[in-house]
Amino acid sequence: MTVNARNITDEEFFYGHKACPGCGGALVVRQVLKVLGPHAVSALPAGCMSAVGFNFPQLAFGNNAMITPFAATAAVLSGIRAGLAAQGTAPDDCTVVGFAGDGGTADIGLQALSGAIDRNDDVLYICYDNEAYMNTGIQKSGLTPFGASTTTTPAGAREHGCLTQKKSLFDIVAAHGIPYAATASVGYLSDFLKKVERARDVRGCRFIHVMAPCPVGWGFPSEDMVDVAKEVVDTGLWYLAEYEGPALSGVPGGAFRLNRNPKAFKPIEPYLRRQGRFRADDEADLAAIEAARDERWAYMRERWA
Amino acid sequence: MTDRKFTPHLREGLGARPEEFARSTCFEGGYLTSVNAGWRSLRPLIDPVQCTLCLNCYMYCPDGTIFKVRDGEGVCTALAIDYDFCKGCGVCAKVCPVPCIAMVDERGDGEVAAGISGVSTERVLQRREQDLMSCSPKRGLPERIEMSETPARKDAEGGAA
Amino acid sequence: MRKFLSGNEAFAEGVRLARPQVISAYPITPQTTVVEALASMVEEGSLACEYLHVESEHAALAAAMGASATGARTFTATSSQGLLYMAECLTYASGGRFPIVMMNANRALALPWNIYGDQRDSLSLLDHGWIQVYAENNQEALDLALMAYAVAEDERVSLPVMVNVDGFALTHTYESVEVPEAQAADAFLPPYATANRFDFERPVSIGYSAGPEFNGHYQYWHHRDMLAAETVVEEVEARFAATCGRRYPGLVDAYRCEDADLVLVTLGSAAGIARDVADELRAAGTRAGVLRIRYLRPVPGRQLAEALAGVAAVGVLEKDISFGGDGGAVFSTVLVACARRGVARPALNFIGGLGGADISRDQVRVCFADLERLAAGQGEAGRVVFLGIDDEEGGLR
């Protein structure tokens, strides 16, 4: 049964946490756990969601949850799954799920993630992407977009922010031939929850990369979080896609799908201008951002659409 | 609201001695000892008459503090907010399509502070006095709601709101 | 059953008897043959467990923690740079009170790059909250694989144990070893049971953060329970003797120390040759003894102070150096243990065996000769002597 606002459980499994108001990451954890139910076992590395989620004695997880070393989210997930498998005592609906940020996934945690996918361990890995190391105070990560000012790519007279493009994390994951991977945004919540359900029901390693705006780090009012999460998709600066591995899709090398492939994008300028982190970007920067977007979409449309 | 077995809830402090809690980092989950109400400068108020129960606010709340009020048959009849843990981020007001959620200055002067939704606070307050909070009729507005009156806490005591 | 086994093969036999439910390991010389042996056991069906082929040592220990948090008995093994690579996870595992057993094949640290045995790897990590024990021979290595679980999982302890086995000197050297019967091992080591695990009826948070208000309590109890391991080690060894037939002497192994004037303290496989030389000296009329440290965490402070209180001079022979410090980590440990208990004896530190160099009989004779001179009032106490390098000059002051 498809989860929706009416039939989703009344239980909250991430509650009373200390995330900043309007936190996209908190919404990710909250909703994923509601979809997975009380028998999920969560693992979270050092990062925003662990920092706000369990600071003894304020323990905001209603399900079993565990902290992991920063680089080790996926490895701990593998260990949990192996331990449960060895004992055979876990409920059938027990999903072993990790929640790691962009830095914890695409940078320091990438090796462990690759290992877990390689082993095809039966775990679900959620990367909530707020596009910088937010817990430590907004430093650039491998998923910080071009032009975004962070505390380690500060906008100044010389440079206007981050000089690199986001890593193509989804492609990297898919290149392993993982059974199931998807991208999502909390701005398109029902799409996201559908993918969580899909991932929940696939066996083997699963991965979802979900855009989770950070009002503090991006510089917009907290109430705009969902708006911004929609707009990043509508402008084409993020995309909603799925990958099914060879076994699931029956296609050698697996199959990609673009869940949204609009004829026209919303203009990027209002999206960028509403956020403090892009404030210093000039016309040339905007043109570069747009060009990178178009290149990415040309690539995806050619191969995935 | 139906009974919630796993939802984290407030406790009377720690209630464990160091030799009980400090010999592992394994402790009862969902154990809350402090509220988040103090973070809030704006308080969301739901107009129950205008509300269509579309559940957008419920779904998008990053803190899960908007909950379904259910009647004896388990039918959701209204939405209410756990002000112990609401941080006043305003996402609910912004995603409300009606719109029927006002953001009111927490200091209690009744003004719409941020203009997030453009809802008339006065109208909302009147309606609320009439029929909001069927789950907790003694709640007066807009004064602060006591910690002991939170739905989460009631759960802990075994009484469904 | 008696078998002719390398240290790694012997250790793998011990691990098999302990019936771990999850093994996660990453290969590194000279640990490799232990994880190869375990993989073969899993393949042939003589060991039923989940074997995780992780992509790094960091992941090896992280996965072991995840498995331990489900209540599973877990094993991993590493060496040298691998141990340092997983160092971050060491404090997670010990602070989380996960009774993981890890074999560390003692090996030199880079640079210069070197694959041979010394003890700088584990000794540099004494303060990461693990119980550390050092095997002298392959039999002890095997028996420690079993006993380590019994100590680690005892609820008074609940700490991970690092069993150190000298790289090559033991790991790749064959000895005749008595392998306990599975029935005896099972009688000795019951299945792991703990409350430090996920609970699907009453979910738990594991490995949270604890701020300044509470943090000190965790460290206090970690320390206290580590100290309590001394009693548990003795109880476990008594049970092991009753079920498997071999008796071990607790945190230290004292050889002819009761009336000794000169005692050489050491650890691991170097102890054998030290005892030979002590016997030689005894035959020649010198009252020499050897104190082999088995457990360095918890520190056998009382045993050290008692054994050394009446000696004329004490030497510490170790395959370690704490750069810019007071000799090696073992030397510092011995001196502090004695000083804390009011014992102050003239002492020398002998550094040898670095990067796999042999500790020769002649070198041990040099150690005792130096101690003899010190006991006679010649030479300065407290010197740090690099054997074969500056022993003729009398070492560093």
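Residues numbered from 1 in each chain as written. Chains lettered and ligands numbered in written order. Predicted model: local features only at pLDDT ≥ 70, side-chain atom pairs only at ≥ 80, totals over all residues.

Named according to an unreviewed UniProt entry, chain B is 4Fe-4S ferredoxin-type domain-containing protein originating from Adlercreutzia muris. As recorded by UniProt, the Cofactor (unreviewed entry) comment attached to chain B reads in full: "[4Fe-4S] cluster". (UniProt positions renumbered as here; feature names shortened; annotations may be inferred.)

Chain A has the name Pyruvate synthase subunit beta in an unreviewed UniProt entry, where Adlercreutzia muris is given as its organism.

S.K.: What is the right way to read the overall build of chain A from this model?
M.R.: The helix and strand inventory of chain A stands at 12 helices and 10 strands. In terms of overall dimensions, chain A is globule-like: its C-alpha atoms have a radius of gyration of 18 Å, near the 19 Å expected for 305 residues. (Helix = DSSP H or I, 4+ residues; strand = E, 2+ residues; numbered from the N terminus. Rg over C-alpha atoms; globule rule 2.2 N^0.38 Å.)

S.K.: Is there a simple way to explain the overall build of chain B in this structure?
M.R.: Along its length, chain B carries 5 helices and 7 strands. Overall, chain B shows an N-to-C arrangement of helices and strands of β-α-β-β-β-α-β-β-α-β-α-α. Taken across its 161 residues, chain B has 48% of its residues classed as buried. Residue pairs at least 24 apart in sequence account for 60% of intrachain contacts in chain B once pairs closer than 6 positions are excluded. (Buried ≥ 20, exposed ≤ 12 C-beta atoms within 10 Å, placed from the backbone. Contact = placed C-beta atoms within 7 Å.)

S.K.: In this structure, what is going on with the interface of chain B and chain A? I would like to understand it.
M.R.: Many analyses report the size of an interface as the accessible area lost when the parts associate. Counting residues at the interface gives 35 residues for chain B, matched by 35 residues for chain A. Secondary-structure elements contributing two or more residues to the side of chain B that touches chain A are β3 (31-32), α2 (56-60), β5 (66-70) and α3 (91-95) of chain B. Tallying contributions element by element places α3(B) first for the side of chain B that touches chain A, with 4 residues. The residue inventory of the side of chain B that touches chain A, partitioned by class, reads 20 nonpolar, 10 polar and 5 charged. (Nonpolar A, V, L, I, M, F, W, Y, C, P; charged D, E, K, R; others polar.)

S.K.: Explanation requested: the interface of chain C and chain A in the structure shown.
M.R.: Taken together, the contact pairs 38 residues of chain C with 38 residues of chain A. Secondary structure elements with two or more residues in the side of chain C that touches chain A: β2 (22-25), β3 (50-53), α3 (57-68), α5 (87-95), β9 (204-206) and β10 (209-210) of chain C. Element by element, the count of residues in the side of chain C that touches chain A is highest for α3(C), at 8 residues. A breakdown of the residues in the side of chain C that touches chain A according to their chemical character gives 22 nonpolar, 12 polar and 4 charged. Sheet topology places strand β2 (residues 54-56) of chain A next to β10(C); 2 bridges connect them, and they run parallel. Among the inter-strand pairings, A:Asn55 is bridged to a residue of β10(C), identified as C:Ser209. (Pairing = 2+ DSSP bridges.)

S.K.: Looking at this structure, how should I read unusual backbone geometry?
M.R.: With glycine set apart, most residues show a phi of negative sign, and most peptide bonds adopt trans. Here the bond from C:Thr29 into C:Pro30 is cis, since omega is 0 degrees, no more than 30 degrees from zero. The residue C:Pro30 is located in the loop between β2 and α2 (32-44) in this model. Residue C:Pro112 is bonded to the preceding C:Leu111 through a cis peptide linkage, with omega at -5 degrees. Its identity as a non-glycine residue notwithstanding, B:Leu55 has a phi of 75 degrees, on the positive side. When the 17 C-beta atoms within 10 Å are taken as the criterion, B:Leu55 is described as partly exposed.

S.K.: Looking at this structure, I do not really get the packing of helix α1 (residues 7-18) of chain C against α2(C). What am I missing?
M.R.: For any two helices packed against each other, the geometry comes down to the angle between their axes and how far apart the axes lie. All names here are of chain C. Two numbers describe how α1 lies on α2: the axes approach to 8 Å, and their chain directions differ by 45 degrees. The orientation of α1 relative to α2 falls into the category oblique. Between α1 and α2 lies a crossing whose hand is right-handed. Of α2, the residues touching α1 (which contributes Asn8, Glu9, Phe11, Ala12, Val15 and Arg16) are Thr33, Val34, Ala37, Leu38 and Met41. (Axes fitted to C-alpha atoms, helices over the stretch in contact; angles between N-to-C directions. Parallel < 35°, antiparallel > 145°, perpendicular 65-115°, else oblique. Left-handed = near helix turned anticlockwise from the far one by under 90°.)

S.K.: Looking at this structure, how should I read the sheet that holds strand β4 (residues 74-78) of chain C?
M.R.: Paired through backbone hydrogen bonds, the strands of a sheet run either parallel or antiparallel to each other. Residues and elements named next belong to chain C. Pairing in this open sheet of 7 strands is mixed, and the strands run β3-β2-β4-β5-β7-β6-β14 from one edge to the other. The open sheet has two edge strands, β3 and β14 (295-297), and neither has a second partner. The average angle at which neighbouring strand axes cross in this sheet is 20 degrees, direction not considered. Relative to β3, β2 runs parallel, the two being bridged by 4 bridges. Residue pairing across strands places Ala25 opposite His53, the latter belonging to β3.

S.K.: Hey, could you run me through the confidence of the model for chain B in this one?
M.R.: For residues with low pLDDT, the predicted coordinates do not support detailed interpretation. Residue and element names in this part refer to chain B. Residues of chain B with pLDDT of at least 70 account for 65%, and the chain-wide mean is 78. When the criterion is pLDDT under 50, residues 130-161 qualifies, and its contacts beyond four places in sequence or with other chains add up to 56 contacts. The complex model carries a pTM of 0.94, and its ipTM stands at 0.97. (pLDDT = per-residue confidence, 0-100.)

S.K.: I keep staring at the UniProt feature "domain: Thiamine pyrophosphate enzyme TPP-binding" (unreviewed entry) in chain A and nothing clicks. Help me out?
M.R.: The UniProt record marks residues 47-210 of chain A with the feature "domain: Thiamine pyrophosphate enzyme TPP-binding" (unreviewed entry), using the residue numbering of this structure. End-to-end, the C-alpha atoms of residues 47-210 of chain A are 16 Å apart, and along that stretch the chain is 34% helix and 20% strand.

S.K.: Looking at this structure, how should I read the environment of A:Val216?
M.R.: Residues and elements named next belong to chain A. Its place among the elements puts Val216 in helix α8 (residues 215-218). Residue class for Val216 comes out partly exposed when judged on the 16 C-beta atoms lying within 10 Å of it. Spatially, the C-alpha atoms of Val216 and Cys23 are 8.6 Å apart, while their sequence positions differ by 193 residues.

S.K.: Would you mind showing me how to read the pairing of strand β5 (residues 96-101) of chain A here?
M.R.: Residues in a regular strand project their side chains so that they alternate between the two faces of the sheet. Residues and elements named next belong to chain A. For β5, the buried fraction is high: 6 of the 6 residues fall into the buried class. Pairing of strand β1 (residues 41-45) with β5 involves 3 bridges; the strand directions are parallel. Following the sheet pairing, Ser42 is matched in β5 by Val97. Where β5 meets strand β6 (residues 124-129), 5 bridges bridge the pair, whose relative direction is parallel. Pairing of Phe99 across the sheet is with Ile126, part of β6.

S.K.: When you look at the pairing of strand β6 (residues 131-134) of chain C in this model, what are you seeing that I'm missing?
M.R.: All names here are of chain C. Here β6 shows no split at all, with Ile131 and Val133 on one side and Gln132 and Tyr134 on the other all buried. Here β6 runs beside strand β7 (residues 161-166); their pairing, made up of 4 bridges, is parallel. Residue pairing in the sheet places Gln132 in a bridge with Met162 of β7. With helix α7 (residues 138-153) bridging β6 and the parallel β7, this β-α-β connection has right-handed handedness. (Right-handed = clockwise from strand over helix to strand, strands pointing away.)

S.K.: How do you make sense of the packing of α1(C) against α7(C) when you look at a structure like this?
M.R.: Residues and elements named next belong to chain C. At a minimum axis separation of 8 Å, α1 and α7 run at an interaxial angle of 25 degrees. Relative to α7, the element α1 lies roughly parallel. Every pair of crossing elements has a handedness; the one defined by α1 and α7 is right-handed. Contacts between α1 and α7 involve Gly7, Ala10, Phe11, Glu13, Gly14, Val15, Leu17 and Ala18 from the first element and Asn138, Ala141, Leu142, Asp143, Ala145, Leu146 and Tyr149 from the second. Here the residues of the contact of α1 with α7 are counted per class, giving 10 nonpolar, 3 polar and 2 charged.

S.K.: Would you mind going over the environment of A:His39 with me for this structure?
M.R.: The topology assignment puts A:His39 in the loop between α1 (24-36) and β1. Taking the C-alpha atoms as reference points, A:His39 and A:Asn63, separated by 24 residues in sequence, lie 6.6 Å from one another. With sequence-adjacent residues up to four places away left out, A:His39 is seen in contact with A:Pro91, A:Asp93, A:Cys94 and C:Phe200.

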